[in-house]
Amino acid sequence: MMTDGRTSGIITRVTASRLWKSVFRHGYPATDLDRMSAMFTNFFLHLLPAKVHPNSLRLTYTWALGMVTFYLMVIQFVTGFLLMFFYIPVTDLAYHNMKDLQFAVSFGLLLRNMHRWAAHGMVALVFLHMGRVFYTASYRPPREFNWTMGVLLWLVTLFLSFTGYLLPWDQLAFWAITVGTSIAGYPPWIGETIRTLMLGGHQVGQGALLRFYVLHVAILPAMLCLLVAIHFWRVRKDGGLSRPEDPSPRSTAIPVSGGRFVPGPQKTYTLMEVVRGTSPMVGAQRPEDEVPAWPHLLFRLIVLFQVVLGVVVLLAIVFDAPLEELANPTHPPNPAKAPWYFLGLQELVSYSALVGGVVIPGLLVLGLMGIPYIDRAREGEGIWFTSALGKRIAAWSFVGTIPYTMGLLFLNARFGVRRFAPEAPQGVVDLLNPATLLLAAIVAFSVIVGWRTGSRRMAAIALFSAFVSAYVLLMIIGTCFRGPNWDWALPWL
């Protein structure tokens, strides 16, 4: 008992000292008012809102995809900084550095594995997060610009992973980048210039390794941090996460002793001589509808980070990042494949370089950025798939695209233009290939859905779901069912 009392006295004297109070201005918050004050005054916690709506805390609404992606980015940055101490971007040394990490550096293999799997996870999670935002119509005003930021974040994440692919300088990395930069060279007029700028020449070599290294460790991370900061800031300024409007009347609240809100008389909000209209923060964040971020949000985020870190460490322990033999420009693998997230694109390019490498990627990026400016209705905001009809359309679009795509690929293999007319003009091949026919069918299907339902939202759901289905299927085919000379092959043979 005396020991406990002495310890308690020491703790009290320390926490009451001027040094402690100069660092920690508040003690442990015991009331809602203190908790909100702690969120405002702490450098790190002030990035989070002081209060959040309970809908934002529901796991089944967001699946925490945005925060999981952010945590994977943090893991990548930390492991990447540590790996930089043991890596030299020189073709004669890069591969040996990988071997040193594997056999000579303490925990070097674990760091590389964590960096690798976090990178792959981030590529997948960014797109899943975009899918969640799309299917809950969370791109509606005033969040249009933040959706555009999300599309840019997806592109930067892809290029960040792509540039890191070359750094091990093994056969897998060398030929994956060779194929990937070849796809980048397909756009007419500027394609070859883009490829030369990326490689620092006409082939993958020392210039390419140095450029990819600088992009991977400096330029793209800086762009990513800037976009993430803007993205988080706009989430706050646009009223937090989207949620369905509550048609039932709600009582307002007034603060009382203890910092709690209780029902009170009607309360109004006004911005005088500043802007016209209603602020998203005022319209969406009413105190009576929310709970303090401490502890409801903060503790969830701490637990989530522990889970994400644990999963990444477990993957790093169980599965090693691949490392093949030293890169050899004179012995290409057959087939040479791009990174897995570009294999769907490589499959399309195998039918038509123009359509698969230029038209479809360009329309994809423009279409994604244009979604919030085309679909401006308020129906179903914050509701998964908007309605039961939206769920059915998404399911039928996703499932129905699979047999149609497989049928196109089968017909092309048996009755392709090049098979029966090897000398046919390239324009005919571009017009009558699976990539073009698939794009035309998906667009036509979404137009029909929009016409039959009278809803742009339903048309957008049909288009997005069919695109995701087709791209995932093409990526699986490129990964598992393409063998030598890009012919069909069974992965178990």
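Note that the structure is predicted; figures quoted are calculated from it, not measured.

Asker: For this particular structure, what's the right way to read the overall build of the protein?
Answerer: In terms of helices and strands, the protein carries 22 helices and 4 strands. Going through the 493 residues of the protein one by one, you find that 45% of them count as buried. Contacts in the protein between residues far apart in sequence, at least 24 positions, make up 76% of those at least 6 positions apart. Just so you have it, the protein exposes about 26,600 Å², and 70% of that area is on carbon and sulfur atoms.

Asker: Explain the packing of aromatic side chains to me, please; I cannot follow it from the model alone.
Answerer: One pass over the full model with this rule turns up 22 aromatic pairs. On the basis of an interplanar angle of 75° and a centroid distance of 5.2 Å, the ring pair of F134 and Y135 is categorised as edge-to-face. For the pair formed by F134 and Y135, the shared burial category is buried. Their ring planes at 75° and their centres at 5.3 Å tell us that W340 and Y341 sit as a pair that is edge-to-face.

Asker: Would you mind showing me how to read helix α10 (residues 171–184) here?
Answerer: Helical geometry note: an α-helix holds 3.6 residues per turn, so side chains three or four residues apart project in the same direction. For α10, spanning 14 residues, the distance from its first C-alpha to its last is 20 Å, which sits close to the expected 20 Å at 1.5 Å a residue. With 11 of 14 residues buried, α10 is to be regarded as a mostly interior element. The secondary structure elements touched by the buried residues of α10 are α9 (144–165), α11 (191–199), α12 (206–237) and α16 (343–349).

Asker: Sorry, what's going on with the nonpolar core here?
Answerer: Inside soluble globular proteins, nonpolar side chains tend to come together where they are buried. Core analysis: the largest hydrophobic core is formed by 90 residues, its most contacted members being F134, W147 and L368. Broken down by element, the residue count for this core peaks at 12 residues, all from helix α8 (residues 108–135). Counting 14 residues, the second largest nonpolar core, distinct from the first, contains L408, L409, A470 and L473.

What counts and what doesn't
Residues numbered from 1 in each chain as written. Predicted model: local features only at pLDDT ≥ 70, side-chain atom pairs only at ≥ 80, totals over all residues. Heavy atoms only, no water. Helix = DSSP H or I, 4+ residues; strand = E, 2+ residues; numbered from the N terminus. Buried < 20%, exposed > 50% of the residue type's maximum accessible area, 1.4 Å probe, protein only. Contact = heavy atoms within 4.5 Å. Areas by Shrake-Rupley, 256 points an atom, 1.4 Å probe, with all protein chains shown as cover. Phe/Tyr/Trp six-rings, centres within 6.5 Å; stacked < 30°, edge-to-face > 60°. Expected span 1.5 Å × (residues − 1). Core = buried A, V, L, I, M, F, W, Y, C linked by side-chain atoms within 4.5 Å.

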